[in-house]
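Examination of the molecular architecture
Residues per chain are reported as follows:
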Amino acid sequence: MSDLFAAPQGLRTDLAAQACVLHGFALPFADALLAGIAAITAVSPFRHLITPGGHTMQVAMSNCGPLGWVSDRRGYRYSACDPLTEQAWPPFPESFLTLAHAAAAEAGFDGHVPDACLINRYAPGTRLSLHQDRDEDDRVAPIVSASLGLPATFLFGGLARGDKTVRVPLVHGDVVVWGGADRMRFHGVLPIRPGRHPVLGEQRLNLTFRKVR
Ligand code: SIN
Ligand code: FE2
């Protein structure tokens, strides 16, 4: 089935020297990624984490792989254990690692092996405020971020919070990669507009692969 919500494959938009959008790069993986997300969240369900300041996050999250990103009153950190299940996070499905490795290589980062994958779920109206990914020990290895479902407007800024941001439209299957000198750029997601994606319905899913250690 052709997907009217998806961009054509093979196009690339450079955002900075070591940051780009790979349009449609995840489309060949989409079925496997969605099956993987369903299997993972059957074990480690989506949940709304509490920030150190006591707020409930709008984005619902889960993780897979050796390490998972968590937040609670004690702070933000990576944990090998899901605090809900008190078990290890579900392992990486093979398709996840294949996608992350291939997208990183396509963006100029050869040999990328992530050790964490945060799975974000956005309902319409949900946003993710401007932030840096700074809980990882490795501040150079790329972030590989795959979008599925409803479209989003990604904000991509500079190395300082106040730097100007560009608005990057993302659709089902797009992958954003940023690393090296651009690894610590601020980024965020504007509120998801109401809509219905033909495959995923009223939600956007995002996979963010990182190398933590
Ligand atoms: C993130 O920064 O963790 C997620 C970005 C996105 O959802 O596109
Ligand atoms: Fe992030």
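One can find the structure itself at the top, above this paragraph.
Residues numbered from 1 in each chain as written. Chains lettered and ligands numbered in written order. Predicted model: local features only at pLDDT ≥ 70, side-chain atom pairs only at ≥ 80, totals over all residues. Heavy atoms only, no water.

**Some thoughts on the state of the cysteines**
Per the counting criterion, the structure on display carries 0 disulfides. No disulfide involves Cys 20; its sulfur sits 18 Å from the nearest other cysteine sulfur, which is in Cys 117. Overall, the relative accessible area of 1% leaves Cys 20 in the buried class. Of all cysteine sulfurs, the one in Cys 64 lies closest to Cys 117, which takes part in no disulfide; the gap is 4.2 Å. We classify Cys 117 as buried; its relative accessible area is 0%. (Disulfide = S-S within 2.5 Å. Buried < 20%, exposed > 50% of the residue type's maximum accessible area, 1.4 Å probe, protein only.)

**With respect to the coordination of the iron ion (ligand 2)**
Coordination sphere of the iron ion (ligand 2), protein contribution only: His 131 (NE2), Asp 133 (OD) and His 187 (NE2), at 2.1 to 2.2 Å. Taken in chain order, the donor set of the iron ion (ligand 2) reads H-x1-D-x53-H. Of this pair, Asp 133 sits in the loop between β9 (128-131) and β10 (143-149) while His 187 sits in strand β14 (residues 187-189), and the two are 54 residues apart along the sequence. Since its relative accessible area comes to 5%, His 187 is described here as buried. (Donors = N, O, S within 2.8 Å, 3.2 Å for Na, K, Ca; no water. Helix = DSSP H or I, 4+ residues; strand = E, 2+ residues; numbered from the N terminus.)

**Considering helix α2 (residues 94-106)**
Under the 1.5 Å per step criterion, the end-to-end length of α2 is 18 Å for 13 residues, consistent within 8% with the ideal 18 Å. Within the sequence span of α2, burial applies to Ser 95, Phe 96, Leu 99, Ala 100, Ala 103 and Ala 104. Within α2, the buried residues cover an arc of 155 degrees as seen down the axis, which keeps them to one side. (Expected span 1.5 Å × (residues − 1). Arc of directions from axis to C-beta.)

**Points about the packing of aromatic side chains**
What characterises a pair of aromatic rings is the spacing of the ring centres plus the angle enclosed by the ring planes. Overall, the coordinates contain 6 aromatic pairs when judged by the stated rule. With 5.3 Å between their ring centres and 25 degrees between their planes, Trp 69 and Tyr 76 make a pair best called stacked. Judged by its relative accessible area of 9%, Trp 69 falls in the buried class. Tyr 76 sits in the partly exposed class, given a relative accessible area of 42%. Measuring from centroid to centroid gives 6.0 Å for Phe 96 and Phe 209, while their planes differ by 80 degrees, and the two rings are edge-to-face. Placement of the pair is Phe 96 in helix α2 and Phe 209 in strand β15 (residues 204-210), with a sequence separation of 113 residues. The same class applies to Phe 96 as to Phe 209, namely buried. In this structure an aromatic cluster arises from ring pairing among Phe 92, Phe 96 and Phe 209. (Phe/Tyr/Trp six-rings, centres within 6.5 Å; stacked < 30°, edge-to-face > 60°.)

**Some remarks on the pairing of strand β13 (residues 175-178)**
Each regular strand shows side chains that alternate between the opposite faces of the sheet. Residues Val 175 and Val 177 line one face of β13 and the alternating positions Val 176 and Trp 178 line the opposite face, and both faces are buried. Note: strand β2 (residues 19-22) against β13, 4 bridges, orientation antiparallel. Across the sheet, residue Val 21 finds its bridge partner in β13, namely Val 176. Bridge count between β10 and β13: 4 bridges; the pairing is antiparallel. (Pairing = 2+ DSSP bridges.)

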